[in-house]
Amino acid sequence: MSVDSHPCVGYTPPDMILQVPPAFAERYAPLVDDLAAFVEIMTTPLPKSFRVNTLKATTDEVTPRFSEYGITIKQAPWYTDAFISDNPALGSTLEHFLGIIYIQELTSMLPPLLVREELRGARSVLDACAAPGSKTTQLSALMNNRGTIVANDVEYERIRPLKFNLERSGTLNAVVTNYDLRSFPQTHFDVILLDAPCTSEGIFRKNPRQMLSWSPKRIAPSAHRQKQLIIKTFDLLTPGGVMIYSTCTFAPEENEGVVDHLLRERPAELEPIEIPHFRLMAGITEWNDLTFDARTRLTARVLPHHNDTGGFFLARIKK
Amino acid sequence: MIEHCSDNDKAMTLEYLERRFGLPPDLLSDFEFYAGPNGRVILGPRHIDPCLSPDTAGLLIARIGNSVKPSTNLLQVVGSLAVRNVITLDRDKASQYIKGLDLKLTVEEIGDTTDGYILLKYLVFPLGCGLLQAGHVKNMLPKAKRLEVKYL
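My aim in this report is to walk through the structure given alongside it, one point at a time. Note that the coordinates shown come from a computational prediction; the quantities given were computed from them, not determined experimentally.

## Brief notes about the interface of chain B and chain A
Accessible area lost upon the coming together of the parts serves often as the stated size of an interface.
So, step 1. Every contact between the two is made by 35 residues of chain B and, on the other side, 39 residues of chain A.
So, step 2. Around 2,900 Å² of area is buried between chain B and chain A when both sides are counted, 67% of it from carbon and sulfur atoms.
So, step 3. Run the count over chain B and chain A and you get two salt bridges.
So, step 4. For Asp-30 of chain B, the salt bridge goes to Arg-146 of chain A, with nearest N and O atoms at 3.8 Å.
So, step 5. On inspection of chain B and its partner chain A, the count reaches 12 residue pairs in polar contact (both at pLDDT 80 or more).
So, step 6. Where the side of chain B that touches chain A is concerned, the elements lending two or more residues are β3 (40-44), β4 (56-57), α2 (72-78) and β10 (125-133) of chain B.
So, step 7. When grouped by side-chain class, the residues that make up the side of chain B that touches chain A number 22 nonpolar, seven polar and six charged.
So, step 8. Examined bridge by bridge, strand β9 (residues 174-177) of chain A and β4 of chain B share two bridges and lie antiparallel to one another. When the bridges of β4 of chain B are listed, Val-176 of chain A appears paired with Thr-56 of chain B.

What follows is the structure, encoded as structure tokens:
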């Protein structure tokens, strides 16, 4: 189906604006606190953002350079290394060329932040679905290039951009692997990020065309795979270790439902999530005819209209 | 499993970096040297779980053929510590280098730099590697890294 003929299309050129599929809005009406604000922001372009790569420079060194360029940047109130800009030229700066800044979505910066303390002493870290490397390079910066990060991705064609981004950012403590997680060798890690493949409903602002292919039928198979991945990943965690399960989708089946599956199958514990100056919505325990473990309240959902970001889900899991 | 670099190749790389750029030999001592294909020398984490079969590890820092060729990746990471065979470019030439063009330098720009691999800088920023031969700099920036930079 062409974009022009799709029922989601409200107005086309010069800047194609898509409307949120009515079935999507209807599905998530019970989940969100302000449906009108949620729906409205989903068709608003996502602000550009970047992270200062502290392996190469400090924020104090970088910010004056952008002033000289006349590019307005605004520091995120919840992360000193994160900046927002409405200028599309970030990718044409010397700092981008040198890997001093890493253009990265704000929500993508959240999982490494949640294990910031653990990373300081971690000897082994797994970024289980690592490509294109945004979180891996952030992990490396938070670890100051110490310890070992295994940056894994199942899709071979995504390994090349992953390597490129690791090189550009000066990441020295990472090794790249290309396993299907379900057959990952049985070893152990102190910290694991599982940013699982998902239906990506949270990136509609970044890529509005995703709305055209949205269908609730994609949720169940995605959740099925995520349940396999979360069990395998938990089994790779050192006793006492911490893992972050995250997705960029709203569907409770892919979020609380997957965490609930882990809690039923393994002796996992959830830990509360708090990010000062960043608004999170607590996880839910009921969705349609599903009832989740009461501990899933400790998970967190990022709604786009709360912080002017994409959508995201986070769970902090202890073994 | 990724192989460790031979002692000879590691020593040759460190000796070259010290002789050519004045980089101290213990600069990279927190990391391990690994051997990549075709004479590549890779700098990576000290510990890699032996049960893993990595696709790659760390950063390509040099290639050893008839001589040692340092990588742009390495020079961008440690180049601020280099004390010789460093040429600082003006804005226009820095922009040309980042775009991937070869450069023609003046005698003043070359100063006491000798022919061979050099580090090119702009302001305080190490940009990458070039090959200086009789006043001409061959651009050694990998094609994938080349960029039309508007702000510098």
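Still more to cover.
## As for the pairing of strand β3 (residues 48-52) of chain A
Residues and elements named next belong to chain A.
So, step 1. Taken across its five residues, β3 has four buried, putting it largely inside the fold.
So, step 2. Alignment of β3 against strand β5 (residues 82-85), held across four bridges, turns out to be antiparallel. Across the sheet, residue Phe-50 finds its bridge partner in β5, namely Phe-83.
So, step 3. In terms of strand pairing, β3 meets strand β6 (residues 101-103) through three bridges, oriented antiparallel.

## Some details on helix α7 (residues 134-142) of chain A
All names here are of chain A.
So, step 1. Along α7, nine of the nine residues are buried, which leaves the element largely enclosed by surrounding structure.
So, step 2. Those residues of α7 lying buried are Ser-134, Lys-135, Thr-136, Thr-137, Gln-138, Leu-139, Ser-140, Ala-141 and Leu-142.
So, step 3. Downstream of α7 by one or two residues, Asn-144 has phi in the positive range, about 50°.

## Regarding the packing of aromatic side chains
So, step 1. For the structure shown, the criterion picks out 18 aromatic pairs over all chains.
So, step 2. Geometrically, the ring pair formed by Phe-50 of chain A and Phe-83 of chain A is stacked, given 5.4 Å between the ring centres and 15° between the ring planes. In this pair, Phe-50 of chain A is assigned in strand β3 and Phe-83 of chain A in strand β5, connecting sequence segments 33 residues apart. No difference in accessibility class separates Phe-50 of chain A from Phe-83 of chain A, as the two residues are buried.
So, step 3. Through pairs of rings, three or more aromatic residues link up here, namely Phe-24, Tyr-28, Phe-38, Phe-204, Trp-214, Phe-250 and Trp-287 of chain A.
So, step 4. In this arrangement the basic side chain of Lys-319 of chain A is found over the ring face of Phe-234 of chain A, its NZ or CZ atom lying 5.1 Å from the centre.
So, step 5. Stacked on the ring of Phe-164 of chain A, the Lys or Arg Lys-145 of chain B has its end atom at 5.7 Å from the ring centre.

## A word on the side chain of Lys-232 of chain A
So, step 1. Take Lys-232 of chain A: it is sitting in helix α9 (residues 219-235).
So, step 2. Setting aside residues no more than four positions away along its own chain, Lys-232 of chain A makes contact with Leu-181, Arg-182, Phe-184 and Gln-186 of chain A.

What counts as what
Residues numbered from 1 in each chain as written. Chains lettered and ligands numbered in written order. Predicted model: local features only at pLDDT ≥ 70, side-chain atom pairs only at ≥ 80, totals over all residues. Heavy atoms only, no water. Contact = heavy atoms within 4.5 Å. Buried area = accessible area lost by both parts, 1.4 Å probe. Salt bridge = Lys/Arg side-chain N within 4 Å of Asp/Glu carboxyl O. Polar contact = N/O pair within 3.5 Å; in protein donor to acceptor, adjacent residues only side chain to side chain. Helix = DSSP H or I, 4+ residues; strand = E, 2+ residues; numbered from the N terminus. Nonpolar A, V, L, I, M, F, W, Y, C, P; charged D, E, K, R; others polar. Pairing = 2+ DSSP bridges. Buried < 20%, exposed > 50% of the residue type's maximum accessible area, 1.4 Å probe, protein only. Phe/Tyr/Trp six-rings, centres within 6.5 Å; stacked < 30°, edge-to-face > 60°. Lys NZ or Arg CZ within 6 Å of the ring centre and 35° of its normal.

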